[in-house]
Amino acid sequence: TYHLPDTLPTICPFPGYKLDYSFVICVVIDVSGSMKAEDIREALIGIKDIIDNDRNCKTIVLEVDTVIQKEYTCNKTSDIQFKVKGRGGTTLGPALCRAKELACDICLVFTDGHCEDMSTYRRKDLPKKVVWILTEKGTSKSIRDIGPVVRLSN
């Protein structure tokens, strides 16, 4: 369909087109005082599972309480920083806005849901895909309508 009989193609279907197999995952970990150490550990184990199961994805970790405490990239399991900073109040907005700046394909947010009302943020300032991973006793009141909610079970 792209060429006439017995001649070279008149239109190259995809000039310079190269498949991009990379995938950027941004993991936001709520390190506020309301999060238990076991819940934070679950988030870190989740990062380990992502790295172990897909070597082609880029995993960026953001630890946040009221501000972003740490940002780092994990390429291998030894890159995971198990010592967390923070433990103050909870404001997840700065981390979600930063995830948007990083142009991530998906943002996984490990939280207990005790945060500011996320509906106050403009949807265009947040990542395209946000998945909320709530603790067993977490609340989804503040995060509704922003993305799917998955609940951890112990």
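The text that follows walks through the structure, step by step, so that each part is easy to find. (Residues numbered from 1 in each chain as written. Predicted model: local features only at pLDDT ≥ 70, side-chain atom pairs only at ≥ 80, totals over all residues. Heavy atoms only, no water.)

The next point concerns the pattern of salt bridges. Counted under the stated rule, the structure contains six salt bridges. Between Glu101 and Arg98 there is a salt bridge, with its nearest N and O atoms 3.0 Å apart. Here Glu101 pairs with Arg98, and both are found in helix H2 (residues 93-101), just three residues apart, close to one helical turn. For Arg98, a relative accessible area of 25% gives the class partly exposed. Within the structure, one salt-bridge network assembled from shared partners comprises Glu71, Arg98 and Glu101. (Salt bridge = Lys/Arg side-chain N within 4 Å of Asp/Glu carboxyl O. Helix = DSSP H or I, 4+ residues; strand = E, 2+ residues; numbered from the N terminus. Buried < 20%, exposed > 50% of the residue type's maximum accessible area, 1.4 Å probe, protein only.)

If you walk through the whole model with that rule in mind, you get zero disulfides. The thiol of Cys26 is not disulfide-bonded; the next cysteine sulfur, from Cys107, is found 4.8 Å away. Classification of Cys26 by relative accessible area gives buried; the value is 0%. We note that Cys104 lacks a disulfide partner, and the nearest cysteine sulfur, in Cys26, lies 4.9 Å from it. (Disulfide = S-S within 2.5 Å.)

Look at Ala103: it is not a glycine, yet its phi comes out positive at around 55°. Within the secondary structure, Ala103 sits in the loop between H2 and strand S4 (106-111). A positive phi is found at Asp145, a non-glycine position, where the angle reads about 70°. The residue Asp145 is located in the loop between strand S5 (130-134) and strand S6 (149-151) in this model. With relative accessibility at 74%, the residue Asp145 sits in the exposed group.

The residue Ser32 is located in the loop between strand S1 (23-30) and helix H1 (37-53) in this model. Given the relative accessible area of 0%, Ser32 is considered buried. Of the polar contacts made by the side chain of Ser32, one reaches the side chain of Asp30; its length is 2.7 Å. Setting aside residues up to four positions removed in sequence, Ser32 forms contacts with Val64, Asp65, Arg87, Gly88, Gly89 and Thr90. (Polar contact = N/O pair within 3.5 Å; in protein donor to acceptor, adjacent residues only side chain to side chain. Contact = heavy atoms within 4.5 Å.)

The next thing to look at is the pairing of S4. Burial of S4 is extensive: five of the six residues sit out of reach of the surface. As paired strands, S1 and S4 are joined by five bridges and run parallel to one another. Bridging from a neighbouring strand, Ile25 pairs with Ile106 of S4. The pairing of S4 with S5 spans five bridges and is classified as parallel. Bridge pairing in S5 places Cys107 opposite Val130. (Pairing = 2+ DSSP bridges.)

All right, on to the sheet that holds S5 then. Read from one edge of the open sheet, six strands run S3-S2-S1-S4-S5-S6, paired in mixed fashion. The open sheet has two edge strands with one neighbour each: strand S3 (68-74) and S6. Here the average twist between neighbouring strands, direction ignored, is 20°. Packing against the sheet, H1 makes contact with S1, strand S2 (57-64), S3 and S4, and its axis sits at approximately 170° to S1. (Axes fitted to C-alpha atoms, helices over the stretch in contact; angles between N-to-C directions.)

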